[in-house]
Amino acid sequence: MDILLINGSPRRGGNTEIMADAFIDGARQSGNTVTKINLSETKVKPCVGCDYCQAHDGVCVQKDGMSDVFAAMDKADMVVLASPIYSYGLTAQIAAVLNRLYARDSIGYHPSGCALLLDSYSPDVFSAAVEQYRELAAYLKWKDRGFVAISGMVEKGAMKTSPELPRVVDFARSFR
Ligand SMILES: Cc1cc2nc3c(=O)[nH]c(=O)nc-3n(C[C@H](O)[C@H](O)[C@H](O)COP(=O)(O)O)c2cc1C
C-alpha cells in the first residue's frame, strides 16, 4: 500500500517527527511504501473561503505547498496525519491542510484508510483532536484505521526514549 504521512509539527526533528519516523519504519517492515511531507518545509496557507474551487473542478486559487500535498494524496492509498497537541487541538499547520481539502469536496477523494498520530506534554488532552479527525474522516468517507497518542513530551527529542514508541511501530506494522 502507498501511504502518505503528513507531519503537522512546525518543529523539524521534534517529537512528532520521531513518532512519524517510527511509524514509517513499521509500515515499511510490512512492505508498504511511505512518503513523508513535513509541513515545516512544505508551507500550506489557510483556506480563504473564496469558493473558487467549487466552480473550477476542485482547483484551488492559492498556489503553494498544498499542490504537493494533493499530488501525493492522489497517489496514496492511505493518509496518516501526525500532529503535536497545540492548545488542546491540532496544529495550525495541519488544520490548514484539512481546511484546504475543501477544494476536493466537489470531486471527491477516497483513500482506503486514514490514521492519526498525536503527542503532547500532558495526558488526557487528545479528545478534541481525535474528535475532529474522526468527524472529518466520516465526512470525507475515509476509513478510520485508528490512532496512537503519546503524552509526557516536554523536551525536544523526548520521544526517542519514550517506552510508548514501540506501540507506534506495532501499529504501523498492521497496515498492509
Ligand atoms: C504552542 C504550543 C502549544 C502547546 N499546547 C499544548 C497543550 O495544549 N497540551 C499539551 O499537553 N501540550 C502542549 N504543547 C506541548 C507539545 O504538544 C509537545 O511538547 C509536543 O511533543 C511537541 O511536538 P514537536 O516536538 O514535534 O514540536 C504545546 C506546545 C507548543 C509549542
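Refer to the structure presented above.
Residues numbered from 1 in each chain as written. Predicted model: local features only at pLDDT ≥ 70, side-chain atom pairs only at ≥ 80, totals over all residues.

Enquirer: Quick question: what am I supposed to make of unusual backbone geometry here?
Expert: Apart from glycine, the bulk of residues carry a negative phi angle, and the bulk of peptide bonds sit in the trans form. Even without being a glycine, Ser87 presents a positive backbone phi close to 50 degrees. Within the fold, Ser87 resides in the loop between strand 3 (78-84) and helix 4 (92-100). Positive phi values are uncommon outside glycine, yet Lys141 reaches one of about 65 degrees. Counting through the fold element by element, Lys141 comes out in the loop between helix 5 (127-140) and strand 5 (144-150). (Helix = DSSP H or I, 4+ residues; strand = E, 2+ residues; numbered from the N terminus.)

Enquirer: What's the story with the site of the ligand in this structure? I'm lost.
Expert: Lining the immediate surroundings of the ligand are 17 residues, of which Ser9, Gly14, Thr16, Pro84 and Met153 lie closest. Grouping the constituent residues of the shell around the ligand by class yields seven nonpolar, seven polar and three charged. (Near = placed C-beta within 6 Å. Nonpolar A, V, L, I, M, F, W, Y, C, P; charged D, E, K, R; others polar.)

Enquirer: How should I be thinking about the sheet that holds strand 4 (residues 113-119) in this particular structure?
Expert: To summarise the sheet geometry, strands pair through backbone hydrogen bonds and adopt either a parallel or an antiparallel arrangement. The sheet built from five strands is open, its strands ordered 2-1-3-4-5 with parallel pairing. In this open sheet, the two edge strands, each paired with only one partner strand, are strand 2 (33-38) and strand 5. Pairs of neighbouring strands in the sheet enclose a mean axial angle of 15 degrees, with direction left out of account. Bridge count between strand 3 and strand 4: seven bridges; the pairing is parallel. Looking at the pairing, Leu81 lines up with Leu116 of strand 4. In this fold helix 5 packs onto strand 3, strand 4 and strand 5, with an angle of close to 170 degrees to the strand it touches most, strand 4. (Pairing = 2+ DSSP bridges. Axes fitted to C-alpha atoms, helices over the stretch in contact; angles between N-to-C directions. Contact = placed C-beta atoms within 7 Å.)

Enquirer: Sorry if this is basic, but what is going on with the environment of Phe23 here?
Expert: Checked against the element boundaries, Phe23 lands in helix 1 (residues 15-29). Under the C-beta neighbour-count criterion, Phe23 is labelled buried, with 26 such atoms within 10 Å. Spatially, the C-alpha atom of Phe23 lies 9.1 Å from that of Leu165, the residues being 142 residues apart in sequence. Contact partners of Phe23, with chain neighbours within four places excluded, come to Leu5, Val80, Leu117, Val168 and Ala172. (Buried ≥ 20, exposed ≤ 12 C-beta atoms within 10 Å, placed from the backbone.)

Enquirer: Explanation requested: the environment of Gly31 in the structure shown.
Expert: Among the secondary structure elements, Gly31 is positioned in the loop between helix 1 and strand 2. C-alpha separation for the pair Gly31 and Ser120, spaced 89 residues apart in sequence, amounts to 29 Å.

Enquirer: Sorry, what's going on with the nonpolar core here?
Expert: Taken as a class, soluble globular proteins show a tendency for nonpolar side chains to be buried jointly. Counting residues in hydrophobic clusters, the biggest one holds 50 residues, and the most contacted among them are Ile3, Leu5, Ile6, Met19, Phe23, Val80 and Leu117. Considering every element that reaches this core, the biggest residue donor is helix 1, with seven residues. (Core = buried A, V, L, I, M, F, W, Y, C linked by C-beta atoms within 7 Å.)

Enquirer: What's the story with the environment of Leu136 in this structure? I'm lost.
Expert: Its location among the elements puts Leu136 in helix 5. Owing to 15 C-beta atoms within 10 Å, Leu136 belongs among the partly exposed residues under this scheme. On a C-alpha basis, the gap between Leu136 and Leu98 in space is 8.5 Å, while along the polypeptide they are 38 residues apart.

Enquirer: For this particular structure, what's the right way to read helix 1?
Expert: At 3.6 residues per turn, the α-helix brings residues three or four places apart onto the same side. Here helix 1 is 15 residues long and its end C-alpha atoms lie 21 Å apart, about the 21 Å a rise of 1.5 Å per residue gives. Buried residues of helix 1: Asn15, Thr16, Glu17, Ile18, Met19, Ala20, Asp21, Ala22, Phe23, Ile24, Gly26 and Ala27, and no others. Buried positions along helix 1 lie against strand 1 (2-7), strand 2, strand 3, strand 4, strand 5 and helix 6 (165-173). Of the residues trailing helix 1, Gly31 is marked for its positive phi of about 90 degrees. (Expected span 1.5 Å × (residues − 1).)

Read these as layout, nothing more, since geometry by itself doesn't imply function.
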